[in-house]
Amino acid sequence: MLFRSKKTNNEIDRAAVAAITTLLRLVSELLNFWAEETPTAIQSGGIGIRDLKKAAEHLGISEDETAFIAELSYQIGILTIEPDGRILPNANFDIFLTKSYESQWKELVEAWRDSSRVAGLIGRTDSRNIAALGIELDRPNAPKIRRQILQTLLTIENISPKLDELISVVTWRYPHRKSLNAKDFTEWTAREAEWLGVTGAGALSSFARRLLINEKRIGLDSAL
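Residues numbered from 1 in each chain as written. Predicted model: local features only at pLDDT ≥ 70, side-chain atom pairs only at ≥ 80, totals over all residues. Heavy atoms only, no water.

Visitor: Hey, could you go over the overall build of the protein for me, with residue numbers and the actual values?
Guide: Of regular secondary structure, the protein possesses 10 helices and six strands. Its C-alpha atoms give the protein a radius of gyration of 17 Å, near enough to 17 Å, the size a compact globule of 224 residues would have. Projecting the C-alpha coordinates of the protein onto the three principal axes gives extents of approximately 50 × 45 × 30 Å. Burial statistics for the protein: of 224 residues in total, 49% are counted as buried. For the protein, restricting intrachain contacts to residue pairs at least 6 apart in sequence, the fraction spanning at least 24 positions comes to 72%. For the protein, the exposed area adds up to about 11300 Å²; of that, 48% sits on carbon and sulfur atoms. (Helix = DSSP H or I, 4+ residues; strand = E, 2+ residues; numbered from the N terminus. Rg over C-alpha atoms; globule rule 2.2 N^0.38 Å. Buried < 20%, exposed > 50% of the residue type's maximum accessible area, 1.4 Å probe, protein only. Contact = heavy atoms within 4.5 Å. Areas by Shrake-Rupley, 256 points an atom, 1.4 Å probe, with all protein chains shown as cover.)

Visitor: How would you explain the pattern of salt bridges if you had to name every residue and give the values?
Guide: According to the stated counting rule, one finds 10 salt bridges in the structure shown. For Asp 64, the salt bridge is made with Arg 191, and the minimal N-O distance between the two is 3.4 Å. You can see Asp 64 sitting in helix α3 (residues 63–75) and its partner Arg 191 sitting in helix α8 (residues 182–196), a full 127 residues away along the chain. Accessibility expressed as a relative area gives 41% for Asp 64, which makes it partly exposed. Classification of Arg 191 by relative accessible area gives partly exposed; the value is 28%. For Asp 84, the salt bridge goes to Arg 86, with nearest N and O atoms at 2.8 Å. (Salt bridge = Lys/Arg side-chain N within 4 Å of Asp/Glu carboxyl O.)

Visitor: Account for empty space enclosed by the protein, with residues named and values stated.
Guide: Here the structure, examined in full by the defined rule, presents two cavities of 30 Å³ or more. Estimated volume of the largest cavity: approximately 90 Å³. Contributing to the lining of the largest cavity are Phe 68, Glu 71, Leu 72, Gln 75, Trp 112, Arg 117, Val 118, Ala 119, Arg 146, Phe 185, Thr 189 and Glu 192. Looking at the lining of the largest cavity, the elements that each hand over two or more residues are α3 and α8. Considering each element in turn, the lining of the largest cavity owes the most residues, four residues, to α3. In this structure, the second largest cavity occupies an estimated 30 Å³ of space. Forming the boundary of the second largest cavity are Val 109, Arg 113, Leu 150, Val 198, Ala 208, Leu 211 and Leu 212. (1 Å grid on protein atoms, 1.4 Å probe; cavity = no way out; pocket = protein on both sides within 12 Å on 5 of 7 lines; lining within 4 Å. Points joined across faces, edges and corners; volume = space filled by probe spheres on them.)

So, to be careful, I would describe these as geometric facts and stop short of saying anything about function.
In structure tokens, the structure reads:
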């Protein structure tokens, strides 16, 4: 049984709303910053360590979270690497900003859920540094395992599970997924879900619950 602590809907959604507000602000701030202080892709592809650190300092967040925001923006097509190597927001970013907050959030969450790219690998130095927006982040099993974690959270309403128990679920269901370390990937997924507002205080938010069961109205605009 997955159990850590019982939360109220208000507690969960307040934490989620705070995270979502921050997320949407950070996406906008990062892309506007790079429109002014444009980084250039490194030779092996992706964002260099110095540019990532500079962006993190500007946003006032960790390099890990900055890399995650960059990856999300890249995945939904509002940030591109130009043929000359410049990393810039594109016309899709202007369109993105005209959408409701709920539509923006839904687009980001669905891209994250379904993506084969694993932002948690960024900066790993097992062999060499893996860069944000680089070509080495794809792991084919990532969407399937991410969905399983979300499905597990969906079955335990208002419960904030222990991380080691989530890891046990993933390890049991996917024992032979050598391309991803179950412990690391589950930790990254839990961290990213909190950044996204998919979870609040560790439990699935009502907004994410409605999104996952394909309800048309998530209720986020009114909450914000």
